[in-house]
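# Coordinates in review
Below, each chain spelled out in residue letters.
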Amino acid sequence: MRYKIIGDSCLDLTKEMRKDPCYSMIPLTLMVGERHFVDDETFDQKEFIKVVKEYPECPKSACPSPEMFKEAYCCEEENVFVITLSAALSGSYNSAVLAKSLYEEEYGKKNILVLDSKSASSGQLNIAMYIRELCDQGLEFDEICEKAAACRDRMNTYFVLESLDTLKKNGRLTGLQAFFATKLNIKPVMGADNGTIIKLDQARGIQKALQRMAEIAVKEAGTTKDKRLVIAHCNAPERAQFMKEKLCSMAEFKEVVITDTCGVSTVYASDGGVILAL
């Protein structure tokens, strides 16, 4: 099967995967005041984190245009799989769907799946890697679409934040809550419910919060031997390694992948955040 796997730039590919021609990334644009950052290979994570910390308001993002997605669909591969950031968080999904209609109006039918990941970052990567496995097995396009949606629906995504600044800036946490959480060193354990961010638990201190996240993830995962664990971190490789060791001491996985966050994921995770999906 000839195929292309496309993601918006919240698909946090590893450095090795970025060199693989089967993957393609469509960048979002990030705005911090008057500064604009294109979330592509030019993105400077450390510079972006510095600018965000110094700016009083929450960063904003602009999803890729339908034309950008449509151009990506104009590839030689006859099977195209698109995995977007949760539609509850971004307009990427709607943009990719519109692009499919525009492509078909101009060029005719093509096997194009546009899948709302109902997740982000490590969740998108987990789905992308699963789709590649199915393609390499030689399955038919329709069967891959069904299995990819089923994978998405049974997958869980979790994250722990070092800082509550972004949640405070975007209105998800009141100033008073943020004040007390910061003073008491409370770290929330977050998850996703049908693509929407929810709070699952909290703990005092980052290490205890990471451990609590691991406990929740393993409990909710059930049997893990046939599951891939994907861990994404924002400028925190030691924490990602800690999570790998902790989770592998609690359960057995078919594979563990660690990756760094790109720009969009950096907005959500903030400096020091860890996101996992399985």
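Please read these numbers as outputs of a predicted model, since none were measured by experiment.

Taken as a whole and assessed by the stated rule, the structure comprises 18 salt bridges. A salt bridge links E78 to R2; its shortest N-O distance comes to 3.8 Å. A residue pair is termed long-range when its members are at least 10 positions apart, and E78 in the loop between α3 (66-73) and β6 (79-84) and R2 in the segment before β1 (3-8) qualify at 76 residues. Accessibility expressed as a relative area gives 43% for R2, which makes it partly exposed. Close ionic contact of D201 with R212 constitutes a salt bridge, the shortest N to O distance being 2.6 Å. Residue D201 is located in strand β10 (residues 196-204), and its partner R212 is located in helix α9 (residues 206-221); the two are separated by 11 residues in the primary sequence. Note on D201: relative accessible area 25%, which makes it partly exposed. Overlapping salt bridges bring together E133, R228, K254 and E255 as one network.

Once that is clear, we can look at the pairing of strand β8 (residues 157-160). Side chains T157 and F159 of β8 all project onto a buried face; the interleaved residues Y158 and V160 project onto the opposite face, where all are buried too. Relative to strand β9 (residues 186-193), β8 is paired through three bridges, and the arrangement is antiparallel. Along β9, the bridge assignment pairs Y158 with G191.

Quick look at the nonpolar core now. General note: in soluble globular proteins, nonpolar side chains tend to be found buried as a group. If you look at the biggest cluster of nonpolar residues, it comprises 29 residues, and the most contacted ones within it are Y23, F81, L125 and I131. Of all the secondary-structure elements, those providing two or more residues to this core are β1, β6, β7 (111-116), α5 (122-136) and α6 (141-154). Here this core gets eight residues from one element, more than from any other, and that element is α5. Dropping the residues within four chain positions of it, F81 is found in contact with M1, Y3, K4, I5, I6, L113, I131, C135, F141, I144 and C145. With 23 residues, the next largest nonpolar core counts V189, A203, A251 and V274 among its residues.

Turning our eyes to something else, we now look at the sheet that holds strand β3 (residues 29-32). Taken in spatial order, the three strands make up an open sheet running β4-β3-β5, and their pairing is antiparallel. Each end of this open sheet is capped by a strand with a single partner; those strands are β4 (35-38) and β5 (60-62). This sheet shows a mean twist of 25° between the axes of neighbouring strands, independent of strand direction. Judged from the four bridges that link them, β3 and β4 form a sheet pairing that is antiparallel. Note that in β4 the partner of L30 across the bridge is F37. Contacts from helix α2 (residues 45-54) reach β3 and β4, with the element oriented near 150° to β4.

Turning to the side chain of T224, a few remarks are in order. Tracing the backbone through its elements, the reader meets T224 in the loop between α9 and β11 (228-233). In contact with T224, not counting residues within four places along its chain, are A251, E252, F253, K254 and L278.

For the rest of this paragraph, the subject is empty space enclosed by the protein. For the structure on display, the rule yields one cavity of 30 Å³ or more. Taken as a whole, the largest cavity spans an internal volume of roughly 170 Å³. If you go around the largest cavity, you meet 17 residues; those closest to its centre are L89, A120, T157, F159 and I197. Secondary structure elements with two or more residues in the lining of the largest cavity: β8, β9, β10 and α11 (263-269). Looking at the lining of the largest cavity, its residues break down into eight nonpolar, eight polar and one charged.

Taken as a whole, the largest pocket holds about 310 Å³ of empty space. Forming the walls of the largest pocket are 13 residues, and the residues nearest its centre are K15, R18, D260, T261 and C262. If you list the elements that add at least two residues to the lining of the largest pocket, you get α1 (15-18) and β12 (255-260). Of the residues belonging to the lining of the largest pocket, the class tally is three nonpolar, four polar and six charged.

Within the open sheet, the four strands sit side by side as β2-β1-β6-β7. Their pairing is parallel. On the outer flanks of this sheet lie β2 (23-26) and β7, each paired with one strand and no other. Neighbour-to-neighbour, the strand axes of the sheet open up by a mean angle of 20°, direction not taken into account. Strand contacts of α6: β6 and β7, with the helix running at about 5° to β7, the strand carrying the most contacts.

Rules of the game
Residues numbered from 1 in each chain as written. Predicted model: local features only at pLDDT ≥ 70, side-chain atom pairs only at ≥ 80, totals over all residues. Heavy atoms only, no water. Salt bridge = Lys/Arg side-chain N within 4 Å of Asp/Glu carboxyl O. Helix = DSSP H or I, 4+ residues; strand = E, 2+ residues; numbered from the N terminus. Buried < 20%, exposed > 50% of the residue type's maximum accessible area, 1.4 Å probe, protein only. Pairing = 2+ DSSP bridges. Core = buried A, V, L, I, M, F, W, Y, C linked by side-chain atoms within 4.5 Å. Contact = heavy atoms within 4.5 Å. Axes fitted to C-alpha atoms, helices over the stretch in contact; angles between N-to-C directions. 1 Å grid on protein atoms, 1.4 Å probe; cavity = no way out; pocket = protein on both sides within 12 Å on 5 of 7 lines; lining within 4 Å. Points joined across faces, edges and corners; volume = space filled by probe spheres on them. Nonpolar A, V, L, I, M, F, W, Y, C, P; charged D, E, K, R; others polar.

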